Amino acid sequence: MREAVVRARRIVVKAGSSSLTTPDGSIDAARIDALVDVLAGWRGTDGRPGAAKGREVVFVSSGAIAAGLGPLGLPSRPRDLALQQAVASVGQGLLVARYTASFARYGLGVGQVLLTADDMMRRSHHRNAQRTLEQLLTFGVVPIVNENDTVATDEIRFGDNDRLAALVAHLIRADALILLSDVDALYTGDPREPGARRIQDVREPADLDGVRLGGSGRVGTGGMVTKVEAARIAGVPVVLTNADSAGPALAGENVGTYFHPAGAQPSTRRLWLAHATTGQGRVRLDPGAVEAVVRHRKSLLPAGVTGVEGDFSAGDPVDLCDDEGRVVARGLVNYDAAEIPDLMGRSTRWLARELGPEYEREIIHRDGLVVLVGEQAASARH
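The text that follows walks through the structure, step by step, so that each part is easy to find.

Here is what the cut-offs are and how they apply
For every chain, the first residue of the written sequence is number 1, and numbering continues from 1 along that sequence. Residue-level local features of this predicted model are given only where pLDDT is at least 70; pairs of side-chain atoms are given and counted only at 80 or more, and the full residue set underlies all totals for whole chains, interfaces and linings. As a rule here, side-chain values come from all non-hydrogen atoms in the structure, and water together with hydrogens is ignored. Per-residue accessibility, obtained with a 1.4 Å probe over protein chains only, is compared with the maximum for each type, and a residue is labelled buried under 20%, exposed over 50%, and partly exposed between these values. The way it works is that DSSP assigns letters per residue, a run of H or I at least four long becomes a helix, a run of E at least two long becomes a strand, and they are numbered from the N terminus. When DSSP finds at least two bridges between two strands, those strands are taken to pair. The angle between two axes is taken between their N-to-C directions and runs from 0 to 180 degrees, where each axis is a line fitted to C-alpha atoms and a helix contributes only its stretch in contact. Angles are sorted into four bins: roughly parallel if under 35 degrees, roughly antiparallel if over 145, roughly perpendicular if 65 to 115, and oblique for all others. Crossing chirality is assigned from the near helix's rotation relative to the far helix, an anticlockwise turn below a right angle marking it left-handed and a clockwise turn marking it right-handed. Contacts: residue pairs with any heavy atoms within 4.5 Å of one another. Gly is placed with the polar residues, together with every amino acid not listed as nonpolar (Ala, Val, Leu, Ile, Met, Phe, Trp, Tyr, Cys and Pro) or charged (Asp, Glu, Lys and Arg). Pairing of aromatic rings covers Phe, Tyr and the six-membered ring of Trp, with a centre-to-centre limit of 6.5 Å; geometry is then stacked below 30 degrees between planes, edge-to-face above 60, and tilted otherwise. Consider the ring centre and the ring normal. A charge sits over the ring if Lys NZ or Arg CZ is within 6 Å of that centre and within 35 degrees of that normal.

### Describing the pairing of strand 11 (residues 317-321)
The element strand 11 is extensively covered by neighbouring structure, given that 5 of its 5 residues are classed as buried. Going residue by residue along strand 11, you find Pro 317, Asp 319 and Cys 321 tucked away on one face and Val 318 and Leu 320 tucked away on the opposite face as well. With 3 bridges joining them, strand 9 (residues 282-285) and strand 11 adopt parallel strand pairing. Bridge pairing links Arg 284 to Cys 321 in strand 11. Linking strand 11 back to strand 12 (residues 327-332) in an antiparallel pair, the connection comprises 5 residues, with Gly 325 at a positive phi of about 85 degrees.

### Focus on the packing of helix 2 (residues 29-43) against helix 4 (residues 81-104)
Taken N-terminus to C-terminus, the directions of helix 2 and helix 4 make an angle of 50 degrees; their axes are 10 Å apart at the nearest point. Taken together, the axis directions place helix 2 and helix 4 in an arrangement best described as oblique. Regarding helix 2 and helix 4, the two cross each other, and that crossing is right-handed. Residues Ala 29, Ile 32, Asp 33, Val 36 and Leu 39 of helix 2 form the contact with helix 4, whose own contacting residues are Leu 95, Arg 98, Tyr 99, Ser 102 and Phe 103. A per-class count over the contact of helix 2 with helix 4 returns 7 nonpolar, 1 polar and 2 charged.

### Considerations on the sheet that holds strand 13 (residues 369-371)
Reading across the sheet, the 5 strands line up as 10-9-11-12-13 and stay open at both edges, with mixed pairing between neighbours. The two strands at the open ends of the sheet, each matched to only one other strand, are strand 10 (305-309) and strand 13. Direction aside, neighbouring strands of the sheet carry axes that sit 25 degrees apart on average. Note that strand 12 and strand 13 share 3 bridges and pair antiparallel. Bridging from a neighbouring strand, Gly 331 pairs with Leu 369 of strand 13.

### Digging into unusual backbone geometry
Generally, phi is negative for residues other than glycine and the peptide bonds are trans, each holding for most cases. Positive phi, normally seen in glycine, also occurs at Arg 173, with a value near 55 degrees. When you line up the elements, Arg 173 lands in the loop between helix 7 (161-171) and strand 5 (176-181). If you check the backbone angles, Arg 297 has positive phi at about 60 degrees while not being a glycine. Look at Arg 297 and you get partly exposed, because its relative accessible area is 28%.

### Quick word on the pairing of strand 9
Side-chain alternation along strand 9 places Val 283 and Leu 285 on a buried face and Arg 282 and Arg 284 on a face that remains uncovered. Where strand 9 lies against strand 10, 4 bridges are found, and the strand directions are antiparallel. Counted as the bridge partner of Arg 282 is Glu 309 from strand 10.

### Some points on the packing of aromatic side chains
Counted under the stated rule, the structure contains 2 aromatic pairs. Between Phe 59 and Tyr 99, the ring centres sit 5.3 Å apart and the planes meet at 90 degrees, which makes this aromatic pair edge-to-face. Within this pair, whereas Phe 59 is found in strand 2 (residues 56-61), its partner Tyr 99 is found in helix 4, the two being separated by 40 residues in sequence. On the basis of relative accessibility, which here comes to 1%, the residue Tyr 99 falls in the buried class. Their ring planes at 15 degrees and their centres at 6.1 Å tell us that Tyr 335 and Tyr 359 sit as a pair that is stacked. Residue Tyr 335 is found in the loop between strand 12 and helix 12 (348-355), and its partner Tyr 359 is found in the loop between helix 12 and strand 13; the two are separated by 24 residues along the sequence. For Arg 346, the ring lying beneath its charged end belongs to Trp 350, and the centroid distance is 4.0 Å.

The structure is reproduced here in structure tokens:
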């Protein structure tokens, strides 16, 4: 029995597109109803004697793009971003309508929460999303969370809902995370091949040495790689299994693969930087700046910058590189790329005196910076 899951009072459950749709891409009402039956039962709202009360669930649901394929007559997930966004705008409404009807059978309301990766980074957006989710839970409403595919761009998207679910677990301080896929567990290889074994527990990265992780499914964007990554960054107990095993997973039974939490929960903002962003350019650092940023967790000052690459704007995530071109950190830059060459090698005091007080600031403040080498886990903590 997985006691940490049994004791959980607040949980995030994520279902992938393949768990919610038919092979032709339309919404599978029966599968959604079956999953809602399980979630309502776990909350203690199905009328069973002794059902635990006071439990809260946030449901991260993929499927907007997949659900929009059928109504628009598309045979498969489009690659063009604008077309994906149009399909998502059709599918998302259908998806939420189906959840509304299904949860209503138990007297439960639902609230749609669409997030972008940008919402996890910008402090005001982050706090607003957190407050909205908390308020929905206070009302007894089930939040239905999805990436806002209609506005997200390649540069600021989560890439898959596994990472989104892990970050939402941080956002609401969940006690556990359940990742539902079309595969019942993580295996040592392709589960269709002879000799592949189910991995029951993962306590540390070494437990996955030699494991071959498969790619994405038919209509989703994720795969086992993203699920393992989500479990690694979640900071809470994680169960990976299929939708048919959702009930036993929530009951703490020995199904799927159980990822034990590793250490204290990191900052959601830094997790977003490390795992849900792509550097929009590069800033090169001298050895002293590398040591200050990596070893001492200091802000990056203009004096330590030796070069800049790419075309980015203030507020964008950029990669920080050592003199050999190795990426050592990522951070939210305070200047446009075109401004930085005139600042390189200068002290903030000199810049303030010569250019004005608005230039007496860091290239990247340490609160908006995450180290990507060495003790990365430690660097992501407050």
